[in-house]
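# Examining the three-dimensional arrangement
If you want the building blocks of each chain, they are given just below.
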Amino acid sequence: MRSIRTKLLVLMVLFILIPLVIAGYFSTNIAESVLKSKINDSNQTALSVLNKYVNSFKRDTETIVQMLSESNEILNYDGSQASDEAVLKKLEETKKAMPYAMNVYFATPSKKMILYPIQKLENYDPTERPWYKEAVNANGKITWTEPYQDFNTKVPEITVTKAVLDSSGKLIGVLGIDISLEQLSKNISDVKLGKTGYIYVVTKDGITISHPDSTRLFTSIKKYDFGERLLATKNSTIQYVSNNILKFASVRDLDSFGWKAVVTMDNSELTGDVTKIRNFIITVSIVILLIGIVIAYFFSNSISSG
């Protein structure tokens, strides 16, 4: 009788335990998947706001450049001193209207460079500069350079240019504005998401142009094992290991320049909540199992005694 009772007790415990283990396993996996999806959705929302901000920045800048190119001072430029002064004043007005503008300038085919703020340039031929040639080749369309590091200040910059043509299509000159990305980078870097999350931005070639760690600026993301995978990711999430820490990154393409914005977080942001859920499930399962063992014990006793 004792053997039958023991077998009944073991069998009933297994009937209780196996479904609890299976249910706990799948519940934890589902919870992890749901939490990961919610965190990624939250990160993508933040990146979507950043995308709109960058789009607005580009649109507003191009509007200013277009208006400057259509001003009388530029269209009627004739190379005289009076015309130089009129253009310089217009460039000054533009600079004051753009907090992020570092230099505003107008270069002519005769190699003259009108620059605000006024700087002394010796033996400088603007017509040989890449920005000038690219603008001329664009035939009146607004062009943007890739972000670069300022030689003196070391801050990230980007240059927007436009060739100005007269009614017959003849080149009057090229307008250019050097724009500091320092404040944009700072605004992005100051955003904190969760306990460990932050945002950084890389160019389409993988050069970091915004990062909370200034030593990472203008370094290539490709030097990391996960770099190529990150650049190939479009508006989704990847997991990777950095400095022996498991991380995950939500990636979004920024429409205007082809850059990528990334929210990176330690995997502990996810596993911390999953662990709480798993511990709760284990606790409940143990309580149910203990209750089940008691019930099974009395049930097996009643059968065996009967």
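Source: prediction; values computed, not measured. (Residues numbered from 1 in each chain as written. Predicted model: local features only at pLDDT ≥ 70, side-chain atom pairs only at ≥ 80, totals over all residues. Heavy atoms only, no water.)

Counting its secondary structure elements, the chain contains seven helices and 12 strands. Expressed as a percentage of its 306 residues, the buried residues of the chain come to 42%. By sequence separation, contacts in the chain at least 24 residues apart represent 54% of the contacts at least 6 residues apart. About 17100 Å² of surface is accessible on the chain, with carbon and sulfur atoms providing 57% of the total. (Helix = DSSP H or I, 4+ residues; strand = E, 2+ residues; numbered from the N terminus. Buried < 20%, exposed > 50% of the residue type's maximum accessible area, 1.4 Å probe, protein only. Contact = heavy atoms within 4.5 Å. Areas by Shrake-Rupley, 256 points an atom, 1.4 Å probe, with all protein chains shown as cover.)

Let's shift gears to the environment of D125. Along the chain, D125 falls in the loop between β2 (113–116) and α4 (130–137). Linking D125 and K112, residues 13 residues apart in sequence, is a C-alpha distance of 7.7 Å. A polar side-chain atom of D125 sits 2.5 Å from a polar atom in the side chain of T127. (Polar contact = N/O pair within 3.5 Å; in protein donor to acceptor, adjacent residues only side chain to side chain.)

Okay, the layout of surface pockets next. Volume-wise, the largest pocket comes out at about 540 Å³. Looking at the largest pocket, it is lined by 21 residues, and the ones nearest its centre are N103, Y148, D150, E157 and D178. Listed by contribution, the elements that provide at least two residues to the lining of the largest pocket are β1 (101–107), β2, α4, β4 (148–149) and β5 (156–165). Examining the composition of the lining of the largest pocket, we find that three residues originate from one element, β1, more than from any other. (1 Å grid on protein atoms, 1.4 Å probe; cavity = no way out; pocket = protein on both sides within 12 Å on 5 of 7 lines; lining within 4 Å. Points joined across faces, edges and corners; volume = space filled by probe spheres on them.)

A large share of strand β12 (residues 260–266) lies buried, amounting to seven of its seven residues. The alternating pattern of β12 places K260, V262, T264 and D266 on one face and A261, V263 and M265 on the opposite face, and all of these are buried. Note that strand β8 (residues 197–202) and β12 share five bridges and pair antiparallel. Bridge assignment links V201 to a residue of β12, and that residue is A261. Looking at chain direction, strand β11 (residues 245–253) and β12 are connected through seven bridges and run antiparallel. Paired with S250 across the two strands is V263, which belongs to β12. Turn length for the β11-β12 hairpin, with the two strands adjacent in sequence and antiparallel, is six residues, and the turn residue G258 shows positive phi of about 80°. (Pairing = 2+ DSSP bridges.)

Another aspect to go through is the nonpolar core. L91, F106, I177, I179, V201 and W259 are the most contacted members of the largest nonpolar core, which has 38 residues in total. Per-element tally for this core: the top contributor is helix α1 (residues 2–69), with six residues. Not counting the four nearest positions on each side in its chain, W259 is found in contact with V54, P147, I158, L181, V201, V202, T203, K204, I209, R252, D253 and L254. If you look at the next biggest cluster of nonpolar residues, it comprises 12 residues, including Y198, Y200, L230 and V262. (Core = buried A, V, L, I, M, F, W, Y, C linked by side-chain atoms within 4.5 Å.)

Attention now goes to the side chain of E157. By the secondary structure assignment, E157 is in strand β5. Owing to a relative accessible area of 2%, E157 belongs among the buried residues under this scheme. Excluding residues that lie within four positions of it along the chain, E157 makes contacts with M102, E146, P147, Y148, D150, D178, I179, S180 and L181.

A few words now on empty space enclosed by the protein. Under the counting rule described, the total for this entry stands at two cavities of 30 Å³ or more. When its volume is computed, the largest cavity comes out at roughly 60 Å³. Around the largest cavity sit V54, L181, L184, S185, I188, V201, I209, S210, L254 and W259, which together line it. Those elements that provide at least two residues to the lining of the largest cavity are α5 (182–189) and β9 (208–210). The residue inventory of the lining of the largest cavity, partitioned by class, reads eight nonpolar, two polar and no charged. Every residue lining the second largest cavity is listed: V65, L68, V160, L175, G176 and I177. Only α1 and β6 (171–180) provide two or more residues apiece to the lining of the second largest cavity. Per-element tally for the lining of the second largest cavity: the top contributor is β6, with three residues. (Nonpolar A, V, L, I, M, F, W, Y, C, P; charged D, E, K, R; others polar.)

Turning next to helix α3 (residues 81–97). With 17 residues, α3 should cover 24 Å at 1.5 Å per step; its first-to-last C-alpha distance of 25 Å lies within 8% of that length. Among the residues making up α3, those that are buried are S83, D84, V87, L91 and T94. The buried residues of α3 occupy an angular sector of 100° when the element is viewed end-on, so they sit on one face. For α3, the exposed residues set more than 90 degrees away from the buried face come down to Q81, A82, K89 and K96. (Expected span 1.5 Å × (residues − 1). Arc of directions from axis to C-beta.)

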